[in-house]
Amino acid sequence: MVLFKGTEKMMLINNAPNSLDAITDKEPAKAEHNDHSPVGDQFYDVTVDHLNFYYNNVQALFDVSLAVKEKGVAALIGPSGCGKSTFLRVLNRMNDLVPGTRLEGKVTVHGENIYDPDTDVVELRKKVGMVFQQPNPFPKSIYDNIAYGPRIHGLKNREQLDQIVEESLKGGALWEEVKDRLREPALALSGGQQQRLCIARALAVQPKVLLMDEPTSAIDPIATQRIEDLIRDLCQNYTIIIVTHNMQQAARISDFTGFFLQGEMVEWGKTSQLFTKPADQRTEDYITGRFG
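So, here is what we can say about the structure in this document. (Residues numbered from 1 in each chain as written. Predicted model: local features only at pLDDT ≥ 70, side-chain atom pairs only at ≥ 80, totals over all residues. Heavy atoms only, no water.)

## Comments concerning the side chain of R201
Okay, so step 1: Among the structural elements, R201 can be located in helix α6 (residues 191-203).
Okay, so step 2: Despite its burial, R201 remains without a salt bridge, the nearest opposite charge being carried by D144 at 12 Å.
Okay, so step 3: At a separation of 3.1 Å, a polar atom in the side chain of R201 contacts the side chain of N145.
Okay, so step 4: If we ignore the near neighbours within four places in the chain, the residues touching R201 are N136, P137, F138, N145 and I146. (Helix = DSSP H or I, 4+ residues; strand = E, 2+ residues; numbered from the N terminus. Buried < 20%, exposed > 50% of the residue type's maximum accessible area, 1.4 Å probe, protein only. Lys, Arg positive; Asp, Glu negative; His and termini not counted. Salt bridge = Lys/Arg side-chain N within 4 Å of Asp/Glu carboxyl O. Polar contact = N/O pair within 3.5 Å; in protein donor to acceptor, adjacent residues only side chain to side chain. Contact = heavy atoms within 4.5 Å.)

See below:
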């Protein structure tokens, strides 16, 4: 079975690194990418350096480091309970909502240390959108679902809101299906439409990064294909990080893939390399079905 198809867009990064210096193609002294500096002709949009994460006294993530370049898709794979979703929620501080959590290390998004005490978490979550496993439209109209984010950020102009709603629904590949139904309840949409609505809702506040936690696991295969096509379109303008249990999906849509196991990122590299010639035996065992 061939798992990978598509172009190879980004440089190869092999093995689970112990620091960011180990995962660039430059000399460590020149790789000032934690500050969103250019490396070659590209930028790192998300960097994580020596991340350890705890739920009270239980450590969930162990010394994770990686750098995700601007635009394109990065996939996170691994068995259930390995830390993928916890790691994803680190990137927009959703874990702050869980009592007793704490973090060591450094996380930057678009050049800003998001765990700096002065970080505006509301602004961070505007910059880093989130799409969850289960579609979760608000019990409002289709229009009001999309307009909700801009409104809570202070936008009241109806003409501007109309434009944002249309552009966001087009970005979510949903406009043609709902343009004559904008005042109807969002909950009346099909599961796949609801998930695309949630993606459009995230786009409405103009994020730089989109996080997706198993976005197709609760919808049918046809809707899944539409979401995958949408992700490949969106990555021309956004950096997308997706958690998926579906290795074929990771191979189809991602440029980079990270394999998590028991809270450790075992391997992080170009998707074509990781699925065809993994550097770690544990990665090979997982992708060939020996466990997981």
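Resuming the write-up.
## A few points about the sheet that holds strand β1 (residues 44-55)
Okay, so step 1: Taking strand neighbours across the sheet as the criterion, the four strands line up as β2-β1-β4-β5 in an open arrangement whose pairing is antiparallel. Every interior strand has two partners, whereas the edge strands, β2 (58-69) and β5 (112-113), have only one.
Okay, so step 2: Looking at chain direction, β1 and β2 are connected through eight bridges and run antiparallel. Of the residues in β2, the one forming a bridge with Y55 is V58. (Pairing = 2+ DSSP bridges.)

## So, the packing of aromatic side chains
Okay, so step 1: Using the criterion set out here, one finds six aromatic pairs in the structure.
Okay, so step 2: Seen in terms of ring centroids, F256 and W268 are 5.3 Å apart; in terms of plane orientation they differ by 20°. Their pairing is stacked. On the criterion of sequence distance, the pair formed by F256 in strand β9 (residues 256-261) and W268 in strand β10 (residues 264-270) is long-range, its members being twelve residues apart.
Okay, so step 3: What makes W268 buried here is its relative accessible area of 1%.
Okay, so step 4: Measuring from centroid to centroid gives 5.0 Å for F259 and Y286, while their planes differ by 20°, and the two rings are stacked. Taken together, the positions of F259 in strand β9 and Y286 in helix α10 (residues 281-287) put the pair 27 residues apart, joining distant regions of the chain.
Okay, so step 5: You can call F259 buried: its relative accessible area is 0%.
Okay, so step 6: Taken together, the ring pairs in this structure connect F259, Y286 and F291 into an aromatic cluster. (Phe/Tyr/Trp six-rings, centres within 6.5 Å; stacked < 30°, edge-to-face > 60°.)

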